[in-house]
Amino acid sequence: MGNPGVVAVAVTDGMPMFELAIATQVFGIDRRDIADPWYQLRMCAADPGKTRVAHGFVLDTPHDLRGLESADTVIVPGLDPADVSAGVVDPRLTAAVLSAHARGARVVSFCTGAFALAAAGLLNGRRATTHWRYTELMRTRYPDVRLDPAVLYVDEGDVLTSAGVSAGIDLCLHLIRTDLGADVANQVARRMVVQAHRAGGQAQYIEKPMPRSDGDGLGPVLQWASKNLDQQLTVTQLARTAGLSTRTLARRFAEATGTTPLRWLHTERLARARQLLETTDLPVDRISQLCGMGTAGNLRHHFTREVGTTPMLYRRSFQR
């Protein structure tokens, strides 16, 4: 069994605690009873000493950012949400990450840590992911990144990114599988009481609320359609209910929801299916009827394509 080497974690002011804890929980605990040698964890900061992270916690960070450059794996767990929104990334961090990558280190981000990798230019032309809430901001700020917001993590070999928050666990287990084998990763997952491999992707957790009408006159027809999803609704029916022509309805829909009436209906049907899978024990064929998807096969096809997992696996993820 090979030596997994040094994992250096880049700690920044205001960093979210959960993502930081994932790295320390997975790589910082001595697990030589599972695999010997185990990883060596190194905590690094631009200003070493005591680094104040989210919620007032102060972390001992004995190494400066030069500690990243000699590591085998560099992890950026996340950034302060206020810094992400403001577009602030410490240039000392990006320089250290670039230097580590140039020396051959594997560079990893969790959640919003992808913004540091993007700022360093490491994601240009690469497939990557981040938390679904920051998808549009990432696309706007770094258009050269081939962003995939539906997955839990992306492995581009020497650069790896994970989706929101707990997806960092999935990526860590993937790293262990790569370095030390599936059996070791499975043992770590059992000790952490998590799934060794989650089916599906981040898409199953994305909220898709009904858009606000904001005076566009669509509120009543949206509510009516949501209550009648089990029916085979048409654009003509929606227009008649709204008291509009089909052309005007399409224009109002585009202005209010950013999509077409039929696409909106499709999204609502899938949302209803998700809600029924989460909260009931109804069979899939009955759920497909109640959400207007017709047959169970049709629901499975569209659900798997849009959500990234099957209806049954989705149900298992959300029900106890």
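Below, the structure is looked at part by part.

The rules behind the values
Residues numbered from 1 in each chain as written. Predicted model: local features only at pLDDT ≥ 70, side-chain atom pairs only at ≥ 80, totals over all residues. Heavy atoms only, no water. Core = buried A, V, L, I, M, F, W, Y, C linked by side-chain atoms within 4.5 Å. Buried < 20%, exposed > 50% of the residue type's maximum accessible area, 1.4 Å probe, protein only. Helix = DSSP H or I, 4+ residues; strand = E, 2+ residues; numbered from the N terminus. Contact = heavy atoms within 4.5 Å. Expected span 1.5 Å × (residues − 1). Pairing = 2+ DSSP bridges. Axes fitted to C-alpha atoms, helices over the stretch in contact; angles between N-to-C directions.

1. Let's talk about the nonpolar core
Core analysis: the largest hydrophobic core is formed by 33 residues, its most contacted members being L68, V76, L79, L93 and L123. Elements that contribute at least two residues to this core include exactly β1 (6–11), β5 (73–76), α4 (91–102) and α5 (114–119). Tallying contributions element by element places α5 first for this core, with five residues. Apart from residues no more than four positions distant in its own chain, L93 is found in contact with A10, T12, L65, L68, V76, L79 and A116.

2. Some words on helix α7 (residues 167–180)
Taking 1.5 Å per residue, 14 residues should reach 20 Å; α7 reaches 20 Å between its end C-alpha atoms and fits that length. Counting buried positions along α7 gives eleven out of 14 residues, so the element sits mostly inside the fold. By the burial criterion, the buried members of α7 are A167, G168, I169, D170, L171, C172, L173, H174, L175, I176 and L180. Buried residues along α7 sit against α1 (17–27), β6 (106–109), β9 (153–155), β10 (159–162) and α8 (182–192). Looking one or two residues past α7, G181 carries a phi angle of roughly 100°, positive in sign.

3. Section: the sheet that holds strand β2 (residues 40–45)
Taken together, the six strands give an open sheet; going across it, the order is β2-β1-β5-β6-β10-β9, and neighbouring strands pair in mixed fashion. A strand with exactly one partner marks an edge of an open sheet, and here the two such strands are β2 and β9. Each strand of the sheet is rotated relative to its neighbour by a mean of 20°, with strand direction disregarded. Of the strand pairs in this sheet, β9 and β10 are connected by three bridges, and their pairing is antiparallel. In the sheet register, D155 faces β10, and the bridge partner there is L160. Seen against the sheet, α7 touches β6, β9 and β10 and runs at an angle of roughly 145° to β10.

4. Some thoughts on the environment of E156
Within the element layout of this structure, E156 appears in the loop between β9 and β10. Spatially, the C-alpha atom of E156 lies 22 Å from that of T140, the residues being 16 residues apart in sequence. Not counting residues within four places of it along the chain, the set of residues in contact with E156 comprises R126 and R127.

5. Quick notes on the pairing of strand β3 (residues 49–52)
The sheet contact formed by β3 and strand β4 (residues 58–61) spans four bridges and is antiparallel. Across the sheet, the residue bridging to R52 is V58, located in β4. With antiparallel pairing between neighbouring strands as the criterion, β3 and β4 make up a hairpin whose turn holds five residues, including H55 at a positive phi of roughly 65°.

These figures come from the coordinates and say nothing about function on their own.
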